[in-house]
Amino acid sequence: MTTHCEFTLAELMIVAASEAFRGDGEILASGLGIIPRLGASLAKMTHTPELMMTDSECLLVEEPIPVGPRGDYEPKYSGYMSFERVFECVWGGKRHAMIGPTQIDRFGQTNLSIVGDYDKPKVAMLGVRGLPGNSINHINSLFVPNHNTRAFVAGEVDMVSGVGYNPARWSEHMRQDLMEIRHIVTNLCVMDFEGPDHAIRVRSLHPGVTFEEVQANTGFELLKAPDMGETAHPTAEQLAIIARLDPHNLRARQLKDNPPGIRTASTDQ
């Protein structure tokens, strides 16, 4: 049956983000930022219930906690998850995080630290934080709310904060089997690293977006996935879950605007 429902770009991206966690099983899912967190939460509530999530403090929860003020919501706790135990998951590869870097290059290397020359940067951010250890030890996916050539840069990122698939930066003694970059979710498309030698491919385009538009906003050459199509639209069930997980509509604040024509679409159920 085909029903007509309205959805926003943020909701489309939440559903796309949830797909990055599909089939991960019993590992710690961490979405950093409203849309990534809602994506991980939606994954646990639908296709991958084995995912582990925390209350963002020190306890595991069986049901993702809604974002924003909780009101009378009572979390469903199931265990203790101290900061120390989080690091056990990190170092052992039992985590999948979706992060929002400032820059990404064609190798999937990421930058959180500075823009410009390292000795005299144009912009200095918070530093690399935990990204070096996280990126080399477990799965990561990437979230980019504004797809442009400032985010997807030509050449290498200004400072390599998170590892990627650049062979020049790996020695023969470095362990690479825990490291993986899964998906990139942007306001234009969804990409992956499944091309030759981990080349970045466009796996789906958001409604109304062309491959040429994505390429024009990327500083390096992209490939088309053989089955590249349109990003899956949210179902009515998914939209209802998202509304419960985000009762204050914080998802709308992460994106400045929606491209024309994305609000109304047909959803197959």
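Provided above is the structure to which this section pertains.
Calculation criteria
Residues numbered from 1 in each chain as written. Predicted model: local features only at pLDDT ≥ 70, side-chain atom pairs only at ≥ 80, totals over all residues. Heavy atoms only, no water. Helix = DSSP H or I, 4+ residues; strand = E, 2+ residues; numbered from the N terminus. Rg over C-alpha atoms; globule rule 2.2 N^0.38 Å. Buried < 20%, exposed > 50% of the residue type's maximum accessible area, 1.4 Å probe, protein only. Contact = heavy atoms within 4.5 Å. Areas by Shrake-Rupley, 256 points an atom, 1.4 Å probe, with all protein chains shown as cover. Lys, Arg positive; Asp, Glu negative; His and termini not counted. Charge placed at Lys NZ, Arg CZ, Asp CG, Glu CD. Expected span 1.5 Å × (residues − 1). Pairing = 2+ DSSP bridges. Axes fitted to C-alpha atoms, helices over the stretch in contact; angles between N-to-C directions. Polar contact = N/O pair within 3.5 Å; in protein donor to acceptor, adjacent residues only side chain to side chain. Patch = residues over 30% accessible without salt bridge, like charges linked within 9 Å, V, L, I, M, F, W, Y side chains within 5 Å. Salt bridge = Lys/Arg side-chain N within 4 Å of Asp/Glu carboxyl O.

### What about the overall build of the chain?
Phase 1 of the analysis: Across its full length, the chain carries six helices and 16 strands.
Phase 2 of the analysis: Relative to a compact globule of 269 residues, whose C-alpha radius of gyration would be 18 Å, the chain shows 18 Å and is just as compact.
Phase 3 of the analysis: Along the longest, intermediate and shortest principal axes, the C-alpha atoms of the chain span 50 × 45 × 35 Å.
Phase 4 of the analysis: Scored against the burial criterion, the 269 residues of the chain give a buried share of 49%.
Phase 5 of the analysis: Contacts in the chain between residues far apart in sequence, at least 24 positions, make up 66% of those at least 6 positions apart.
Phase 6 of the analysis: Summing over all exposed atoms, the chain offers an accessible surface of approximately 13300 Å²; the carbon and sulfur share of this is 51%.
Phase 7 of the analysis: Between the centroid of the 24 positive side chains of the chain and the centroid of its 34 negative side chains there is a distance of 4 Å.

### Focus: helix 1 (residues 9-20)
Phase 1 of the analysis: Look at helix 1: 17 Å from first C-alpha to last across twelve residues, which is about the 16 Å you get at 1.5 Å a residue.
Phase 2 of the analysis: Taking burial as the measure, the twelve residues of helix 1 include eleven buried ones, the bulk of the element.
Phase 3 of the analysis: When we look at burial in helix 1, the residues that qualify are Leu9, Ala10, Glu11, Leu12, Met13, Ile14, Val15, Ala16, Ala17, Ser18 and Ala20.

### Some thoughts on the sheet that holds strand 13 (residues 189-192)
Phase 1 of the analysis: One open sheet accounts for seven strands, arranged 2-6-11-12-13-14-15; its pairing is mixed. Lying at the two open borders of the sheet, with one neighbouring strand each, are strand 2 (28-31) and strand 15 (223-230). Put simply, the sheet's adjacent strands are angled 15° from each other on average, direction ignored.
Phase 2 of the analysis: Alignment of strand 12 (residues 180-186) against strand 13, held across three bridges, turns out to be antiparallel. Within the sheet, the bridge partner assigned to Val185 lies in strand 13 and is Val190.
Phase 3 of the analysis: Against the sheet, helix 2 (residues 34-45) contacts strand 2, strand 6 (95-99) and strand 11 (139-144), and its axis sits at roughly 150° relative to strand 2.

### As for the side chain of Asn111
Phase 1 of the analysis: Position of Asn111 relative to the elements: it lies in strand 8 (residues 110-111).
Phase 2 of the analysis: You can call Asn111 buried: its relative accessible area is 0%.
Phase 3 of the analysis: At 2.6 Å, the side chain of Asn111 forms a polar contact with the backbone oxygen of Ile114.
Phase 4 of the analysis: Contact partners of Asn111, with chain neighbours within four places excluded, come to Pro101, Thr102, Gln103, Val157, Asp158, Met159 and Ser161.

### Quick word on a nonpolar patch on the surface
Phase 1 of the analysis: Taken together, the side chains of Phe83, Phe87 and Trp91 define a hydrophobic patch exposed on the protein surface, amounting to about 360 Å² of accessible area.
Phase 2 of the analysis: Since its relative accessible area comes to 32%, Phe87 is described here as partly exposed.

Any link to function would need more than the numbers given here.
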